[in-house]
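# An overview of the molecular structure
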Amino acid sequence: MTADAPWQRAARGAGLLGADGSIAATIFAEMSALATRTGAINLGQGFPDEDGPVEVLEAARDAISAGINQYPPGRGMPVLREAIAAHQSRFRGITLDPESEVLVTAGATEALAATILALVEAGDEVVTFEPFYDSYGAIIGLANGIHRTVPLRAPDFQPDLDDLRAAITDRTRLIIVNTPHNPTGSVFGPEVLQLIIELAQRHDAIIVTDEVYEHLVFEAQHVPIATLPGGRERTITISSGGKTFSTTGWKIGWLTAPAELVTAVLAVKQFLTYVNGAPFQPAIAVGLGLPDSFFTSAADTLRAKRDLLSSGLTDAGFTVSLPQAGYFVVADAAPLGHPDAVEFCRSLPALAGVVGVPITAFVHEDRRHEYASLVRFAYCKRTSVLEDAVARLARLNG
């Protein structure tokens, strides 16, 4: 038997390699195509349908007009690196050197990919929480790493501490911590975060945090691992401007870490995109400098949308796990008589004119049964769209 090619390892890691060796279409692509074909409201993909703050949009237009349209510096434009460092100081109390401890990337996805490819060797284990963003599995596979997971279970989607202890061993190279979490909307508490640090120290692992929803937190409090004792020196913190400023198509992300870790990731990143988004970098810098009222208002607005959709799903007969943060709500379709979320999502446009995605798209095959009836719906849409979706979903309980 020949070894998998890199594309096969990536597809296998993302759960997209078919039995015949072909790449299967993602459930996201399938559901989006279904929404287009049927005219259903697409609550499957997590992108806003409204523009971000006018100051940020105008700053991008001004940058284009000013001729900032060529390659920016490899580490990112100084104005953005300085804004990221100032943001971390302002919101997190972390002092960074923007010259050596900040790296601008093509979204958080590239930051994650470059980090995994830079630091994982064949046979190294990478621990993530499950359900997981599908890119994690794909890049771990591409790096020839071994993907271990810690399950997050309904209704609160918090990890069991004993599961965490069992997953992290001397074979663990990276621990990827996605909090606030996609797709469940959970925010990990300090007991979980402190144990992750202790285990990383004990087993000499590096912590990688995915914090793209850091400003979209509701009742809970987001505590970055890098702010906790023992965390900063072994943590790569990843975030982006896409979710906070409703500019997901710009793909401006970043990571912050000790200088030697940034240098290691840069060695790979420079051969991926090299650089990106020149006029968008100063625009995101403007966004990071907006007053506190913007960040508070963004979270408050999204919270109201969460409550609107969650209430509608509950009224329609779903059992809802109320998210603490992010763009998504997880709803159990089993009470409606639909134990298989994949089939339910395929039939939902005909049943109610709405599209969601099954949580099984975010888990390994051997755990699909634990999440079989769960569906993810996005509430990062216009209020009028959500009101329409709620009215349509009411048909399910009619």
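All figures in this text were calculated on a predicted structure; none of them were measured in a lab. (Residues numbered from 1 in each chain as written. Predicted model: local features only at pLDDT ≥ 70, side-chain atom pairs only at ≥ 80, totals over all residues. Heavy atoms only, no water.)

This next bit is on the overall build of the protein chain. Across its full length, the protein chain holds 13 helices and 14 strands. Of all 398 residues assigned to the protein chain, the portion counted as buried reaches 58%. Long-range pairs, those at least 24 residues apart, make up 74% of the contacts in the protein chain with a sequence separation of at least 6. When the 30 positive and 45 negative side-chain charges of the protein chain are each reduced to one mean point, those points stand 3 Å apart. (Helix = DSSP H or I, 4+ residues; strand = E, 2+ residues; numbered from the N terminus. Buried < 20%, exposed > 50% of the residue type's maximum accessible area, 1.4 Å probe, protein only. Contact = heavy atoms within 4.5 Å. Lys, Arg positive; Asp, Glu negative; His and termini not counted. Charge placed at Lys NZ, Arg CZ, Asp CG, Glu CD.)

Per the UniProt entry, the sites bearing "domain: Aminotransferase class I/classII large" (unreviewed entry) are residues 40-391 in this numbering. The distance separating the terminal C-alpha atoms of residues 40-391 is 13 Å; by composition the span is 39% helix and 18% strand. (UniProt positions renumbered as here; feature names shortened; annotations may be inferred.)

This part is about the pattern of salt bridges. For the structure shown, the criterion picks out 24 salt bridges. In this structure, K269 and E110 form a salt bridge, with 3.0 Å as the shortest nitrogen-oxygen distance. Of this pair, K269 sits in helix α9 (residues 259-269) while E110 sits in helix α5 (residues 107-119), and the two are 159 residues apart along the sequence. R367 is the partner of E370 in a salt bridge, and the nearest nitrogen-oxygen pair spans 3.3 Å. According to the relative accessible area criterion, R367 is buried, its value standing at 18%. Residues joined in a network through salt bridges with shared partners are E130, R153, D163, R367 and E370. (Salt bridge = Lys/Arg side-chain N within 4 Å of Asp/Glu carboxyl O.)

Let us now look at the pairing of strand β6 (residues 172-178). The buried fraction of β6 amounts to six of the seven residues, a majority that puts the element mostly inside the structure. Bridging between strand β3 (residues 125-130) and β6 involves three bridges; their strand directions are parallel. Its bridge partner being in β6, V127 is matched across the sheet by I175. In the sheet, β6 pairs with strand β7 (residues 206-210) via five bridges, with the strands oriented parallel. Looking at β7, one finds that I176 is bridged to V208. Traced from β6 through helix α8 (residues 190-203) to β7, the parallel crossover comes out right-handed. (Pairing = 2+ DSSP bridges. Right-handed = clockwise from strand over helix to strand, strands pointing away.)

On to the sheet that holds strand β11 (residues 328-332), then. Read across the open sheet, the four strands follow the order β10-β11-β14-β13; overall the sheet is antiparallel. One side of each edge strand has no neighbouring strand; the edge strands of this open sheet are β10 (319-321) and β13 (357-358). Taken together, the five bridges between β11 and strand β14 (residues 374-378) define a ladder with antiparallel strand orientation. Bridged to V329 within β14 is F377. On the sheet, helix α12 (residues 341-352) packs against β13 and β14 and is oriented at approximately 45° with respect to β14. (Axes fitted to C-alpha atoms, helices over the stretch in contact; angles between N-to-C directions.)

What follows deals with the packing of aromatic side chains. Scanning the model with the defined rule gives 14 aromatic pairs in all. Considering the side-chain rings of F91 and F295, the 5.0 Å spacing of their centres and the 70° angle between planes classify their relative orientation as edge-to-face. Highlighted residues: F91 in helix α4 (residues 78-92) and F295 in helix α11 (residues 292-316), separated in sequence by 204 residues. What makes F295 buried here is its relative accessible area of 5%. (Phe/Tyr/Trp six-rings, centres within 6.5 Å; stacked < 30°, edge-to-face > 60°.)

Before going further, it helps to spend a moment on the domain arrangement of the protein chain. In terms of domain boundaries, the protein chain breaks down into domain 1 (6-51 + 294-397) and domain 2 (54-289). Averaged C-alpha coordinates put domain 1 and domain 2 at centres separated by 24 Å. Each side of the interface is counted separately: domain 1 has 36 residues, and domain 2 has 43 residues. Buried surface at the junction of domain 1 and domain 2, both sides included, amounts to about 3,300 Å², of which 59% is carbon and sulfur. The largest per-residue losses of area from domain 1 upon contact with domain 2 belong to F295, Q324 and F362, which jointly make up 21% of the total buried on that side. Our count for the domain 1 to domain 2 interface comes out at four salt bridges. The partner of E370 in a salt bridge is R153, with the nearest N and O atoms 3.1 Å apart. Of all the secondary structure elements, the ones that give two or more residues to the side of domain 1 that touches domain 2 are α1 (6-13), α11, β11 and β14. Looking at the side of domain 1 that touches domain 2 residue by residue, the classes come out as 22 nonpolar, six polar and eight charged. (Domains from an automatic or database assignment. Buried area = accessible area lost by both parts, 1.4 Å probe. Nonpolar A, V, L, I, M, F, W, Y, C, P; charged D, E, K, R; others polar.)

To continue, consider the pairing of strand β4 (residues 146-153). Bridging between β3 and β4 involves six bridges; their strand directions are parallel. Residue pairing across strands places V127 opposite R148, the latter belonging to β4. Remark: the β3/helix α6 (residues 134-142)/β4 crossover connection has right-handed handedness. Linking β4 to strand β5 (residues 158-159), which pair antiparallel, is a turn of four residues; within it F157 sits at a positive phi near 55°.

The next subject is the sheet that holds β6. Strand order across the open sheet formed by eight strands is β2-β9-β8-β7-β6-β3-β4-β5, with mixed pairing between neighbours. Of all strands in the sheet, those with a lone pairing partner are β2 (102-106) and β5, marking the two edges. Along the sheet, α4 contacts β2, β8 (235-240) and β9 (252-256); its crossing angle with β2, the most-contacted strand, is approximately 115°.

Soluble globular proteins tend to pack their nonpolar side chains together in the buried interior. Of all hydrophobic cores here, the largest spans 123 residues; its most connected members are L309, F318 and F377. Of the residues that make up this core, three or more belong to each of domain 1 (6-51 + 294-397) and domain 2 (54-289). Residues contacting F377, with those up to four places away along its chain left out, are L43, L309, L313, F318, Y327, F328, V329, A331, L348, V354, V355 and G356. (Core = buried A, V, L, I, M, F, W, Y, C linked by side-chain atoms within 4.5 Å.)

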